Amino acid sequence: MRLPGWQFAMGGLLVAFSAVLYLLQYFLFRTPRDITYYFFQDLAFLPIEVMLVTLVLHRLLNRRERRVRLNKTNTVIGAFFNDTGTGLIERYVSFLPESVSFGDHLLVSGKWTSHKFETASAALKGQDFGIDSRRGDLEEMNRFLSGKKEFLLRLLESPSLLEHDTFTDLLWAVFHLADELDHRPEFAGLPEADFDHLTVDLQRAWALLLSVWLSYMHHLKREYPYLFSLAMRTSPFDPRASAVVR
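From a predicted model like this one, the values you see are computed outputs, not experimental measurements. The residue numbering used here restarts from 1 in each chain and proceeds along that chain's sequence as written. Where totals are concerned, whole chains, interfaces and linings use all residues; where local detail is concerned, this predicted model gives features only for residues with pLDDT of at least 70, and gives and counts side-chain atom pairs only at 80 or more. Just so you know, side-chain values use all the structure's heavy atoms and leave hydrogens and water out.

Caption draft 1: Broad picture of the pattern of salt bridges. What makes a salt bridge here is a side-chain nitrogen of Lys or Arg within 4 Å of a carboxyl oxygen of Asp or Glu, nothing more. For the structure shown, the criterion picks out twelve salt bridges. The salt bridge involving Glu150 is made with Arg154; its shortest N-O contact spans 3.7 Å. Of the two residues, Glu150 and Arg154 are both situated in helix α6 (residues 149-156); the distance of four residues between them amounts to about one turn of the helix. Partly exposed describes any residue whose relative accessible area lies between the buried limit of under 20% and the exposed limit of over 50%, with all areas from a 1.4 Å probe on protein chains only and scaled to the type maximum. Its relative accessible area of 59% is what places Glu150 among the exposed residues. Relative accessible area serves as the criterion here: at 48%, Arg154 is assigned to the partly exposed category. Of the charged contacts, one joins Asp201 and Arg204 as a salt bridge, the two residues approaching to 2.9 Å between their closest N and O atoms. Of this pair, Asp201 and Arg204 both sit in helix α8 (residues 192-223), separated by three residues, roughly a single helical turn. For Asp201, a relative accessible area of 1% gives the class buried. Here the salt bridges do not stand alone but share partners, grouping Asp132, Arg134, Glu192 and Asp196 into one network. A run of H or I in DSSP counts as a helix once it spans at least four residues, and a run of E counts as a strand once it spans at least two, with each numbered from the N terminus.

Distances and angles like these do not, on their own, reveal function.
Have a look at this one:
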């Protein structure tokens, strides 16, 4: 890798400055043996210094930068749920059987620990909750998502998505579902194979939606308790949800 000109010049200047100091030390004290001894002593410590700087300090700085980037990503995720995600979850209810229960896996409370969030996320993987495109209101879902396409495209352009593959997959899944619905002039009388196809699209987006929502709630609980309090009280999975504190 070629160094920029200013870095090359700075390196040369520092080496020259070091050489001048060694020469000055020699002319002042006339002790070449001591100078050589301490030179090699400093040189022997150099690999340890490099290790401390590159492996420890650099890793700490990278961890801090990654945390900052993740916070920015979760800001984008919060915007998604405020504008689209929560409304999408509410419209998914019509595609679920009446007997479905979110139980302990989605009714988040202030008592949840990190272990509880991880357990709930693992328990939800692979579940489709009995989603069926024949059961719900596809026209309403189409109207809702048609008005969100521009917003979803803006989110997909965000560089913060590089830190969150699952959220990126969710946006693509929701955008694909919107496209599938938008390309059908009507939904009455669709072939059974087409209903099956739409069911798969709904299930894909739903699974990712749950995963990202739980991860986002976990982030809010750790970093922003006041935001978590409101999100918990207005949870789309709680039929008794209310922003009013009781």
